[in-house]
Amino acid sequence: MKILSTLLVIVFLLGVFACEKQQPPKNYLNESQQEKDTRMQWWREARFGMFIHWGLYAIPAGEYNGQKIKGIGEWIMDRADIPVEEYEKFAARFNPVKYDADEWVLLAKNAGMKYIVITSKHHDGFCLWDSKVSDYDIMDATPYKKDILKALKEACDRHGINLSFYHSIMDWHHPDAQAPFYPHYNDRKKSNPNFDNYVRNYLKPQLKELVDQYGKLGILWFDGEWIGDWTPPLGKDLYNYVRNLQPDIIINNRVDKGRQGMEGLTKEGDFAGDYGTPEQEIPDTGLPGVDWESCMTMNDTWGFKSFDDNWKSTKTLIHNLVDIASKGGNYLLNVGPTAEGLIPEASVKRLKEIGKWMMENGEAIYSTQASPFRQPQWGRFTQKPGILYAFVFDSPKKGELVIEQIKKPVKKVYILADEKKNELKSKSGQKGLTISLPGEGLDEHATVVVVEYEGSIDGLTK
Ligand code: FHN
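Heads up: these notes are all about the structure in this document.

The rules behind these values
- Residues numbered from 1 in each chain as written.
- Predicted model: local features only at pLDDT ≥ 70, side-chain atom pairs only at ≥ 80, totals over all residues.
- Heavy atoms only, no water.
- Axes fitted to C-alpha atoms, helices over the stretch in contact; angles between N-to-C directions.
- Helix = DSSP H or I, 4+ residues; strand = E, 2+ residues; numbered from the N terminus.
- Parallel < 35°, antiparallel > 145°, perpendicular 65-115°, else oblique.
- Left-handed = near helix turned anticlockwise from the far one by under 90°.
- Contact = heavy atoms within 4.5 Å.
- Nonpolar A, V, L, I, M, F, W, Y, C, P; charged D, E, K, R; others polar.
- 1 Å grid on protein atoms, 1.4 Å probe; cavity = no way out; pocket = protein on both sides within 12 Å on 5 of 7 lines; lining within 4 Å.
- Points joined across faces, edges and corners; volume = space filled by probe spheres on them.
- Near = heavy atom within 4 Å.
- Polar contact = N/O pair within 3.5 Å; in protein donor to acceptor, adjacent residues only side chain to side chain.
- Areas by Shrake-Rupley, 256 points an atom, 1.4 Å probe, with all protein chains shown as cover.
- Sits in = over half its atoms within 2 Å of the grid points.

**Concerning the packing of helix α9 (residues 314-326) against helix α10 (residues 345-361)**
At step 1: Their axes nearest at 9 Å, the elements α9 and α10 cross at an angle of 50°. Overall, the two elements α9 and α10 adopt an arrangement that is oblique. Handedness of the crossing formed by α9 with α10: right-handed. Residues T314, L317, I318, L321 and V322 of α9 form the contact with α10, whose participating residues are R350, E353, I354, W357 and M358.
At step 2: Broken down by class, the residue content of the contact of α9 with α10 amounts to 7 nonpolar, 1 polar and 2 charged.

Laid out in structure tokens, this is it:
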């Protein structure tokens, strides 16, 4: 009798399992705003992430056959017109013995970054993980033979950082994606008659490997969607495909065809993607109700170039972060590691300086909302309920800072970096809130003045 009842339970459970497995894929494009808000919350609060462009292109590092290429280093295969069989030879030289995933993750964490987006596969088609559908990967084609992404995911889990993958739809290596039908690697008009095979039997299986094998991911950051073979239906299908694999994952707007060039925001119409992706630029104003992330380099290249020393100053990088947060966006700041696996010293130096500033001022960036006011000449604003953060880029003459929109008395004014929160003298009136700043101890990059108030911010402006 006992055996029979056990068998019945097993048959029942198998039936349940079989039904679940046959569930039709869910259409996440109809997701409610509330479901999206819940899914996006960590990302909206994070405000700041690290972009990592790393791959075979770090070996030539911007130079091929004695010629220094113009433009971005990860495009050397295209810019130097390197034949696939020539470019593949870089794989045998890719041996990043100095790669230390914990070092990279702690550098990001200590800079105040909350997530990392790394290129699992860039346009050149080379895979930084052990793919079962390709030998053009770190495990089969290089002397290194270790799973870069696995090490990074484990380090991210150890240090509480959200790992995400950048994945290029455009693939200059796979014969059904590009060659031999494209005269040039980046041809937007040509079409490959076997492209459907690339999508079904390569692109999707690789994404399944990435989403299934590395635990909970933050974002699937698509790119290379501009090619003629990629269509809105394919984009919407891929969005749902990835969401069905990991329902809470966030997917950028480059999965579909709605991105408007480098401005990056999604044009009007029915396009998939959870947020806009301005590239190397920051929108002029905040965009209420729109999620967006500006991705930017520290010098002029995403992938490592040995001779690109046009580094932005730490002040510029911090001002970019503040400007973006004041408009309600995220800042995805790039590093391009060397072929040995080292993040360039100039990047490390800036990230450490940013981290020092974030230690004292991160409260005014994380989990804030966009400025309630037009940006002042002297800086920017962010806000939380009952708190206005004023970022002072340029110290005012005579040390008097005026927030012209605030006419009514406030509760308390102090400098965020002042552990004692010593109250600053302030006076409100029709001219605005005049705050007397101390003559010294202001931050060389940006001083954050905290204005605490009762009621609503609008109530202070009349
Ligand atoms: O072509 C890529 C480029 O190499 C880089 O990855 C940037 C970063 O977002 N995206 C594309 C250019 O828009």
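**A short note on the layout of surface pockets**
At step 1: Of the volumes computed, that of the largest pocket is approximately 1100 Å³.
At step 2: In terms of lining residues, the largest pocket is bounded by 46 residues, among which L287, G289, V290, D291 and W292 are the most central.
At step 3: Among the elements of the structure, α2 (33-46), β10 (369-370) and β11 (379-384) are those that each provide at least two residues to the lining of the largest pocket.
At step 4: Ranked by residues supplied to the lining of the largest pocket, first place goes to α2 with 7 residues.
At step 5: Its residues placed into classes, the lining of the largest pocket shows 14 nonpolar, 17 polar and 15 charged.
At step 6: Estimated volume of the second largest pocket: approximately 420 Å³.
At step 7: Taken together, 23 residues make up the lining of the second largest pocket; nearest its centre are W226, R254, R259, M262 and E279.
At step 8: Residues of the lining of the second largest pocket, tallied by class, amount to 9 nonpolar, 5 polar and 9 charged.

**With respect to the site of the ligand**
At step 1: Close to the ligand lie 16 residues; H53, E74, H123, D223 and E279 are nearest.
At step 2: H122 is positioned such that a nitrogen or oxygen atom in its side chain is 2.9 Å from an oxygen atom of the ligand.
At step 3: H123 places a polar side-chain atom, nitrogen or oxygen, 2.7 Å from an oxygen atom of the ligand.
At step 4: Protein coverage of the free-state accessible area of the ligand, which is 330 Å², stands at 95%.
At step 5: One can see that the ligand is located within the second largest pocket.
At step 6: Taken together, the residues of the shell around the ligand break down into 8 nonpolar, 3 polar and 5 charged.

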